[in-house]
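# Structure at a glance
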Amino acid sequence: MSNDPESPTRGRARLPRGVGDLLAALAGRHLIGNALVGPAGGACLTVLDPATGLALAEAPAAGPADVEAAVAAARAAGRAWARVPARERGRLVAEGGRRIAAASPGLAPLLAAETGKAIRTECRPEIATAADILAMFGGLATELKGETLPFSPDMLALTTREPLGVVAAILPWNVPLVLMALKIGPALVAGNTVVVKASEEAPFATIEAARLLAELLPPGVLNVICGTGPACGAPLVRHPDVAKVTFTGSQAVGEAIYREAADKLIPVSLELGGKSPMLIFADADLDRAVAGAVAGMRFTRQGQSCTASSRIYVDAQLHDRFVERLAAAVSNLRMGDPLDEATDIGTVINARQRAKILDYIAQGEATPGARAVRCGRLPAAPDLAEGLFVEPVLFTGLTEDSPLMRDEIFGPVACVVPFSDEGAVLQAANAGDFGLAATVWTQDLRRALRVSHALDAGYVQVNQNLTIQPNLSYGGFKKSGLGKEASLESMLEHFTRKKTIVVDMR
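With an unreviewed UniProt entry as reference, the protein is termed Sulfoacetaldehyde dehydrogenase, source organism Methylobacterium phyllostachyos.

Structure representation (structure tokens):
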């Protein structure tokens, strides 16, 4: 292994035995037709370990030729895969989930190294959830059924569910395995073939998890390519043989994909940004609400979540106590090496994202009347000196027009605002472009239901702040996206087309 700090292998030395070998096997390779293959043009991108700044490996940089190869493999496999009985497709996908779960000892450190997420609090739970999602969709295979229609006694009228064809699934870097499972699970069980575009920031755990599943499937049914948005994502969306696009990422990119898909008249599913409100009423269990804020802000993920509860509205009677307790709870989380079992919080994904977060924090600190409460300590280990760590910050005293209250920061920055009127806080919570998620904290059932119905968000929880869960329909309103994920609804409505057949029996 080279000692050159620029070497694309130097960062592997931190990985457990065997994981470095796995990374070496994946480096510079797409998964096309069940084979690990290099990019057509030979171009690669360096993936860095966000905790140290060291290079981990070279990722393949797909261009139009790689897109064409992956789509061609998926198209060639499509007809035969659609004819496989649905129960068998479901069985294979569920078995793939079990294989991914069993591979957690190798996948988890790989995921931690490339994303900077803590292995104990984030990476292992993500792998388990991804496997659970695949198992759920595998079990739903027998629900791919049509209806018999009472049209006429002399005619047999029925509907069937058919696959769409080649599905393009475009992933971000924050929870790549869960989001891949949410897309490929229903797509594959419904009889589609898939081309996944992995994030160029963190592609390796995605490729390996897909490879474990693809080994059970006919060649070409599941493919993964990696590259930038302009060079890889855009030609994938535009490809004439792509029949459906499912995307998770930024609002701007989602809107661009929507326009491209509209030109082709193909369906899309979009899970975009969020600025989720958390409403804590005077009768709430304060300890439970504090724990919910720690979990809901996804502090252990450095706030890198579309559903992060970054606007926390607290009844004025509880406000000061809540801020004090939340600051103490977050400060008790240990920030450090993502590969260390004792670490609660890892890093953000890249230097660009860190600079963006720090700029928002600086704006908040410069706002008259605002107060920044910094929580916890940055790691002091010399080998982490170049790591992309950000100290969590709670802001009070900001007004609704502050950029910190309106923009999706995608970092460990939460704004806490007092309120005294239910109608006014609902108006504030519903303001803005996003409508992904929201939570309500109260012991009054009537209020909980009233406020939940009034919130303009697609995923509302009461007295809890869970992440995406299998079999709970998930998706946003307004500019937070289109369509639902994680449920039977998502498989039937977004990955099949309905055909009506009428037979004259006379």
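Here the focus is the packing of aromatic side chains. Counting across every chain of the model gives 3 aromatic pairs. Ring geometry for Phe-281 against Phe-419: centres 5.3 Å apart, planes inclined by 80°, an arrangement best described as edge-to-face. Highlighted residues: Phe-281 in the loop between strand 12 (277–280) and helix 10 (286–296) and Phe-419 in strand 16 (residues 413–419), separated in sequence by 138 residues. When its relative accessible area of 8% is taken as the criterion, Phe-419 is described as buried. Ring geometry for Tyr-459 versus Tyr-474: centroids 5.5 Å apart, planes at 90°, classification edge-to-face. Of this pair, Tyr-459 sits in strand 19 (residues 459–462) while Tyr-474 sits in the loop between strand 19 and strand 20 (477–478); the two residues are 15 residues apart in sequence, bridging distant segments of the chain. Note on accessibility: Tyr-459 and Tyr-474 belong to one class, buried.

This brings us to helix 5 (residues 119–139). In a regular helix each residue adds 1.5 Å, so 21 residues correspond to 30 Å; helix 5 covers 29 Å between its end C-alpha atoms and thus fits that length. When we look at burial in helix 5, the residues that qualify are Ile-119, Glu-122, Cys-123, Glu-126, Ile-127, Ala-130, Ala-131, Ile-133, Leu-134, Met-136, Phe-137 and Gly-138.

We now examine unusual backbone geometry. Positive phi is not limited to glycine here, since Leu-265 has a value of about 55°. Among the structural elements, Leu-265 can be located in the loop between helix 9 (251–264) and strand 11 (268–271). One non-glycine residue, Arg-298, adopts positive backbone phi at about 55°. Here Arg-298 lies in the loop between helix 10 and strand 13 (311–315).

Let us now look at the UniProt feature "domain: Aldehyde dehydrogenase" (unreviewed entry) in the protein. Mapped onto this numbering, the UniProt entry annotates "domain: Aldehyde dehydrogenase" (unreviewed entry) at residues 45–501. With 41% helix and 21% strand, residues 45–501 has its two end C-alpha atoms placed 50 Å apart.

For the rest of this paragraph, the subject is the pattern of salt bridges. Taken as a whole, this structure holds 31 salt bridges when the rule is applied. For Arg-161, the salt bridge identified is with Glu-493, shortest N-O distance 3.5 Å. Highlighted residues: Arg-161 in strand 6 (residues 155–163) and Glu-493 in helix 16 (residues 488–494), separated in sequence by 332 residues. Bridged by salt links that share partners, the residues Arg-99, Glu-208, Arg-211 and Glu-215 form one connected network.

This part takes up the sheet that holds strand 14 (residues 371–374). Spatial strand order, 14-15-16-13-12-18-19: 7 strands in an open sheet with mixed pairing. Each of the sheet's edge strands pairs with one partner strand only, and the pair in question is strand 14 and strand 19. Across the sheet, the mean angle separating the axes of adjacent strands is 20° when strand polarity is ignored.

A few words now on the packing of helix 3 (residues 86–102) against helix 5. Two elements in contact, helix 3 and helix 5, have axes whose closest approach is 7 Å; the angle formed by their N-to-C orientations is 165°. Accordingly, the angle class assigned to the pair helix 3 and helix 5 is roughly antiparallel. The element helix 3 and its partner helix 5 pack so that their crossing is left-handed. For the pair helix 3 and helix 5, contact is made by Gly-90, Val-93, Ala-94, Gly-96, Gly-97, Ile-100 and Ala-101 and by Ile-127, Ala-131, Leu-134, Ala-135 and Gly-138, respectively.

The next point concerns the nonpolar core. Judged by nonpolar contacts, the single largest core of 78 residues is most densely connected at Ile-184, Leu-188, Val-194, Val-196 and Leu-222. The biggest single contributor to this core is helix 6 (residues 176–189), with 10 residues. Looking at which domains feed residues into this core, each of domain 1 (14–272 + 483–498) and domain 2 (277–470) gives three or more. Leu-222 has contacts with Leu-31, Asn-34, Ile-184, Leu-188, Val-194, Val-196, Ala-210, Leu-213, Ala-214 and Leu-217, leaving out every residue within four places of it along the chain.

Turning our eyes to something else, we now look at the packing of helix 6 against helix 7 (residues 204–214). Their axes nearest at 10 Å, the elements helix 6 and helix 7 cross at an angle of 35°. In terms of crossing hand, the pair formed by helix 6 and helix 7 is right-handed. In this structure, helix 6 uses Pro-176, Leu-177, Met-180, Ile-184 and Leu-188 to contact helix 7, whose residues at the interface are Ala-205, Thr-206, Ala-209, Ala-210 and Leu-213. Grouping the amino acids of the contact of helix 6 with helix 7 by side-chain chemistry returns 9 nonpolar, 1 polar and no charged.

What follows deals with the domain arrangement of the protein. Here the protein is described as being made up of domain 1 (14–272 + 483–498) and domain 2 (277–470). Taken over C-alpha atoms, the centre of domain 1 sits 30 Å from the centre of domain 2. Contacts between domain 1 and domain 2 engage 34 residues on the former and 33 residues on the latter. Of the roughly 2,700 Å² buried between domain 1 and domain 2, counting both surfaces, carbon and sulfur atoms make up 56%. For the pair domain 1 and domain 2, the number of links is 5 salt bridges. Linking Glu-122 and Arg-301 is a salt bridge whose minimum nitrogen-to-oxygen distance equals 3.1 Å. In this structure, the connection of domain 1 to domain 2 is made through 14 residue pairs in polar contact (both at pLDDT 80 or more). Elements with a minimum of two residues in the side of domain 1 that touches domain 2: helix 4 (104–115), helix 5 and helix 6. Per-element accounting of the side of domain 1 that touches domain 2 gives the leading share, 9 residues, to helix 5.

Here is what the cut-offs are and how they apply
Residues numbered from 1 in each chain as written. Predicted model: local features only at pLDDT ≥ 70, side-chain atom pairs only at ≥ 80, totals over all residues. Heavy atoms only, no water. Phe/Tyr/Trp six-rings, centres within 6.5 Å; stacked < 30°, edge-to-face > 60°. Helix = DSSP H or I, 4+ residues; strand = E, 2+ residues; numbered from the N terminus. Buried < 20%, exposed > 50% of the residue type's maximum accessible area, 1.4 Å probe, protein only. Expected span 1.5 Å × (residues − 1). UniProt positions renumbered as here; feature names shortened; annotations may be inferred. Salt bridge = Lys/Arg side-chain N within 4 Å of Asp/Glu carboxyl O. Pairing = 2+ DSSP bridges. Axes fitted to C-alpha atoms, helices over the stretch in contact; angles between N-to-C directions. Parallel < 35°, antiparallel > 145°, perpendicular 65-115°, else oblique. Left-handed = near helix turned anticlockwise from the far one by under 90°. Contact = heavy atoms within 4.5 Å. Core = buried A, V, L, I, M, F, W, Y, C linked by side-chain atoms within 4.5 Å. Domains from an automatic or database assignment. Nonpolar A, V, L, I, M, F, W, Y, C, P; charged D, E, K, R; others polar. Buried area = accessible area lost by both parts, 1.4 Å probe. Polar contact = N/O pair within 3.5 Å; in protein donor to acceptor, adjacent residues only side chain to side chain.

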